[in-house]
Amino acid sequence: MLSLPEDTPSDSPEMIELELLGNLVADYEEVHYAIGEPSLVDVIKLRMYEMGLTQAALAKLIGVSPSRICDYLNGKSEPTMKIGREISRKLNINPAIVLGI
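Residues numbered from 1 in each chain as written. Predicted model: local features only at pLDDT ≥ 70, side-chain atom pairs only at ≥ 80, totals over all residues. Heavy atoms only, no water.

Topic: the side chain of Ser77
Line of reasoning, step 1. Position of Ser77 relative to the elements: it lies in the loop between α4 (66–74) and α5 (81–91).
Line of reasoning, step 2. At 3.3 Å, the side chain of Ser77 forms a polar contact with the side chain of Arg68.
Line of reasoning, step 3. Discounting chain neighbours no more than four positions away, the residues touching Ser77 are Arg68, Asp71 and Tyr72. (Helix = DSSP H or I, 4+ residues; strand = E, 2+ residues; numbered from the N terminus. Polar contact = N/O pair within 3.5 Å; in protein donor to acceptor, adjacent residues only side chain to side chain. Contact = heavy atoms within 4.5 Å.)

What follows is the structure in structure tokens.
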């Protein structure tokens, strides 16, 4: 990995080259390896993992049946606005992700 001393002036040829190379890599990654926005299901599963929650525990936490959680996680149904608020609040998920915007 290329690195320069912290006191390298921003107008030095090495710093300019490093910045240009960094920008080229970032642009390439954005085109060829773009990371899209996470789906609600992905975020819920991540939060369940982080919080050590089972589907049954999540169901109890947000006030729905375990089968309803299964439906959400399998994409068979989407949460209502009320349940979406609970998911956002209790799992600390950005409301924009819950709303799909």
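We are not done yet, so read on.
Describing the nonpolar core
Line of reasoning, step 1. Judged by nonpolar contacts, the single largest core of 17 residues is most densely connected at Ile44, Leu58, Ile69 and Ile87.
Line of reasoning, step 2. Mapped by element, the contributors of at least two residues to this core are α2 (40–51), α3 (55–62), α4 and α5. (Core = buried A, V, L, I, M, F, W, Y, C linked by side-chain atoms within 4.5 Å. Buried < 20%, exposed > 50% of the residue type's maximum accessible area, 1.4 Å probe, protein only.)

Describing the packing of aromatic side chains
Line of reasoning, step 1. Tallied over the entire structure, the rule returns 1 aromatic pair.
Line of reasoning, step 2. Centre to centre, the rings of Tyr28 and Tyr33 are 6.2 Å apart; their planes meet at 55 degrees, and the pair counts as tilted.
Line of reasoning, step 3. Judged by relative accessible area, Tyr28 falls into the partly exposed class, the value being 46%.
Line of reasoning, step 4. For Tyr33, a relative accessible area of 59% corresponds to the exposed category. (Phe/Tyr/Trp six-rings, centres within 6.5 Å; stacked < 30°, edge-to-face > 60°.)

Structural notes on the pattern of salt bridges
Line of reasoning, step 1. For the structure shown, the criterion picks out 4 salt bridges.
Line of reasoning, step 2. Linking Asp71 and Arg68 is a salt bridge whose minimum nitrogen-to-oxygen distance equals 4.0 Å. Placement of both Asp71 and Arg68 in helix α4 is noted, with a separation of 3 residues, approximately one turn of the helix.
Line of reasoning, step 3. The salt bridge involving Lys90 is made with Glu86; its shortest N-O contact spans 3.1 Å. Remark: Glu86 and Lys90 occur in helix α5; sequence separation between them is 4 residues, near one turn of the helix.
Line of reasoning, step 4. What makes Glu86 buried here is its relative accessible area of 17%. (Salt bridge = Lys/Arg side-chain N within 4 Å of Asp/Glu carboxyl O.)

Overview of α4
Line of reasoning, step 1. Along α4, the residues that are buried comprise Ile69, Tyr72 and Leu73. Here the buried residues of α4 occupy an arc of 95 degrees about the axis, which is enough to place them on one side. (Arc of directions from axis to C-beta.)

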